[in-house]
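Here is what each chain is made of, one letter per residue.
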Amino acid sequence: MTPHSDPTIRLAQDLVARASVTPDDAGCQPLLMARLTALGFGCTPLRFGVVDNFWAERGQRGPLFCFAGHTDVVPAGSLSAWSVPPFAATVVDGVLIGRGTADMKGSIAAMVTACERFLARVPEPAFRLAFLITSDEEGVAVDGTVKVIDWLGAQGKTIDWCLVGEPSSRAQLGDEYKIGRRGSITANLVIHGKQGHVAYPHLADNPVHRAAPFLAELTAIEWDRGNAHFPPSTLQIANIQAGTGANNVIPGELTVQFNLRFNTETTVADIQQRVADLLAKHQLRHTLSWSISGQPFLTRQGAFVTAIETAVAKITGTRPLPSTAGGTSDGRFIAPTGAEVIELGPLNATIHQIDEQVPVAHLQALSQIYEALLDELQARAA
Ligand SMILES: [Zn+2]
């Protein structure tokens, strides 16, 4: 790779060149901690299991603002499909191409250089600055942000404002930012019957026949109507299995897995109760287990949201639109602590794809947006 002349792009290149496929950090975090230590941050490496994380903090007074992100990336996939090697951090015609450029090493580089310029002008801000960096966002996410949040709780530290650098922009840099996310919950359900010969159905109990009217009713439920910030909650059946493969055997059980993406109008308890009531109504013998991957969250419209919108408009000329679309992110672990969490980063059009990329000009502008945000926070905290 040819190092770029711009400091943000150069740092992004240095990070991309470290092939940090989850959970191997490949030296990204030591590089970041060195840059932050030079700025006066106190850095605490936090390794949980095989996952490297760190917390960096600077300042003694005022509200705590945190940049959050991940250094891990998804695998490159078929190497021959890439137009340039995925970890070479190549700039082609003003576009930085490589795994992690958009999700989200570019954002992390922009955060660091924004802090460098801001702190050179404002060496003692009226607020505390922090970084929460994990290398387990793209994986199972059990030894990453969630554990760091536990650790912060044990230290008695509470984040007031948090910016997650996930790629939130849709068509133009800064056109959208996330103010919340839907929750996600999965049910693993087994309907029990009695196996038998199809010619002697009175001696068996067919779980497929029992499940059919139940599933029809389940998939027709209106969970809620959404609200000003979220679309209605939805349920989708992801997997369903029954049968032995033979045409003369009534199966003994049916397994079905369904997932809900739900908004702040519906709770986990509501969902579980409605499913339990429906199972009882249909008198189904069953085994049911739930796994909750994330609670929905919505950041209140306060000073932080205004600061974000003002900072983006200052650099791009346009106020960003709030959104709650998309999958889950580590914001789900930070929001329950009471922090105001938003996500703002580059375009998400190529994330996880072959030839993942971000225009150099976007990363430079993103760094300016983050710097403008620090100025807005300074004005509000002072
Ligand atoms: Zn990401």
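For clarity, every value in this text was computed on a predicted model and none was experimentally measured.

Colleague: Please explain the nonpolar core as it appears in this structure.
Modeller: Among soluble globular proteins, nonpolar side chains are generally buried collectively. Core analysis: the largest hydrophobic core is formed by 57 residues, its most contacted members being Phe-65, Phe-67, Phe-131 and Leu-163. Counting residues in hydrophobic clusters, the runner-up holds 22 residues, among them Ala-187, Leu-189, Leu-218 and Leu-235.

Colleague: Would you mind going over the packing of aromatic side chains with me for this structure?
Modeller: Two aromatic rings are characterised by how far apart their centres lie and by the angle between their planes. Counting across every chain of the model gives nine aromatic pairs. On the basis of an interplanar angle of 55 degrees and a centroid distance of 5.4 Å, the ring pair of Phe-67 and Tyr-370 is categorised as tilted. Of this pair, Phe-67 sits in strand S3 (residues 64-70) while Tyr-370 sits in helix H9 (residues 360-381), placing them 303 residues apart in sequence. Across the pair, Tyr-370 and Phe-67 agree in class, each one buried. The interplanar angle of 85 degrees and the centroid separation of 6.2 Å between the aromatic rings of Phe-258 and Trp-290 together place this pair among those described as edge-to-face. Placement of the pair is Phe-258 in strand S14 (residues 253-262) and Trp-290 in strand S15 (residues 286-294), with a sequence separation of 32 residues. When its relative accessible area of 22% is taken as the criterion, Trp-290 is described as partly exposed. Of the aromatic side chains, those joined through ring pairs into one cluster are Phe-41, Phe-65, Phe-67, Phe-118, Phe-127, Phe-131, Trp-161, Phe-304 and Tyr-370.

Colleague: I tried to follow the pattern of salt bridges on my own but got confused; where do I start?
Modeller: For side chains bearing opposite charge, pairing can occur when the charged atoms are close. Summed over all chains, the structure comprises 18 salt bridges. Two residues, Arg-181 and Glu-343, come together in a salt bridge whose shortest N-O distance is 2.4 Å. Here Glu-343 lies in strand S18 (residues 340-343) and Arg-181 lies in strand S9 (residues 180-181), a separation of 162 residues in the sequence. As far as the burial class goes, Arg-181 and Glu-343 line up, both buried. The salt bridge partner of Arg-210 is Asp-205, with a shortest N-O separation of 2.7 Å. Given the relative accessible area of 35%, Arg-210 is considered partly exposed. Beyond isolated ion pairs, a larger network of salt bridges with shared partners links Arg-117, Arg-121, Glu-371 and Asp-375.

Colleague: So what exactly am I meant to see when it comes to the domain arrangement of the protein here?
Modeller: Accessible area lost upon the coming together of the parts serves often as the stated size of an interface. For the protein, the domain assignment lists domain 1 (7-181 + 296-381) and domain 2 (183-294). Summing the contributions of domain 1 and of domain 2, the shared interface buries around 780 Å²; its carbon and sulfur component is 69%. At the junction of domain 1 with domain 2, the criterion picks out zero salt bridges. Between domain 1 and domain 2 we count two residue pairs in polar contact (both at pLDDT 80 or more) in total. Secondary structure elements with two or more residues in the side of domain 1 that touches domain 2: S9 and strand S16 (297-298).

Colleague: Looking at this structure, I do not really get the coordination of the zinc ion. What am I missing?
Modeller: Reference values for coordination geometry: four tetrahedral donors around a metal ideally subtend 109.5 degrees, six octahedral donors ideally subtend 90 or 180 degrees. Protein coordination of the zinc ion is provided by His-70 (NE2), Asp-103 (OD), Glu-166 (OE) and Glu-166 (OE), with donor distances spanning 1.9 to 2.6 Å. Of note is the zinc ion, whose four donor atoms meet at the metal with angles of 52 to 142 degrees in an arrangement that counts as irregular. All donors to the zinc ion come from one chain, and their sequence spacing reads H-x32-D-x62-E. With a gap of 33 residues between them, His-70 in strand S3 and Asp-103 in helix H3 (residues 101-121) connect regions that are remote in the sequence. When its relative accessible area of 1% is taken as the criterion, His-70 is described as buried.

Colleague: I keep staring at empty space enclosed by the protein and nothing clicks. Help me out?
Modeller: Over the atoms rolls a probe the size of a water molecule, and in doing so it shows where empty space is left. Taken as a whole and judged by the stated rule, the model has one cavity of 30 Å³ or more. Of the pockets and cavities examined, the largest cavity occupies roughly 40 Å³. Taken together, Ala-68, Gly-69, His-70, Leu-132, Thr-134, Glu-137, Thr-145, Val-164, Glu-166, Asp-330 and Ile-334 make up the lining of the largest cavity. Those elements that provide at least two residues to the lining of the largest cavity are S3 and strand S6 (128-134). Residue contributions to the lining of the largest cavity peak at three residues, all from S3. Split by residue class, the lining of the largest cavity holds four nonpolar, four polar and three charged.

Colleague: Help me understand the pairing of strand S7 (residues 161-164), please; the structure alone is not making it clear to me.
Modeller: Two faces make up the sheet, and in a regular strand the side chains alternate between them. Residues of S7 alternate between two faces, with Trp-161 and Leu-163 on one and Cys-162 and Val-164 on the opposite face, all of them buried. Here S3 runs beside S7; their pairing, made up of four bridges, is parallel. Bridged to Phe-67 within S7 is Leu-163. Pairing of S7 with S18 involves four bridges; the strand directions are parallel.

Thresholds, definitions, all that
- Residues numbered from 1 in each chain as written.
- Predicted model: local features only at pLDDT ≥ 70, side-chain atom pairs only at ≥ 80, totals over all residues.
- Heavy atoms only, no water.
- Core = buried A, V, L, I, M, F, W, Y, C linked by side-chain atoms within 4.5 Å.
- Buried < 20%, exposed > 50% of the residue type's maximum accessible area, 1.4 Å probe, protein only.
- Phe/Tyr/Trp six-rings, centres within 6.5 Å; stacked < 30°, edge-to-face > 60°.
- Helix = DSSP H or I, 4+ residues; strand = E, 2+ residues; numbered from the N terminus.
- Salt bridge = Lys/Arg side-chain N within 4 Å of Asp/Glu carboxyl O.
- Domains from an automatic or database assignment.
- Buried area = accessible area lost by both parts, 1.4 Å probe.
- Polar contact = N/O pair within 3.5 Å; in protein donor to acceptor, adjacent residues only side chain to side chain.
- Donors = N, O, S within 2.8 Å, 3.2 Å for Na, K, Ca; no water.
- Tetrahedral: all angles 85-135°; square planar, octahedral: opposite > 155°, others 65-115°.
- 1 Å grid on protein atoms, 1.4 Å probe; cavity = no way out; pocket = protein on both sides within 12 Å on 5 of 7 lines; lining within 4 Å.
- Points joined across faces, edges and corners; volume = space filled by probe spheres on them.
- Nonpolar A, V, L, I, M, F, W, Y, C, P; charged D, E, K, R; others polar.
- Pairing = 2+ DSSP bridges.

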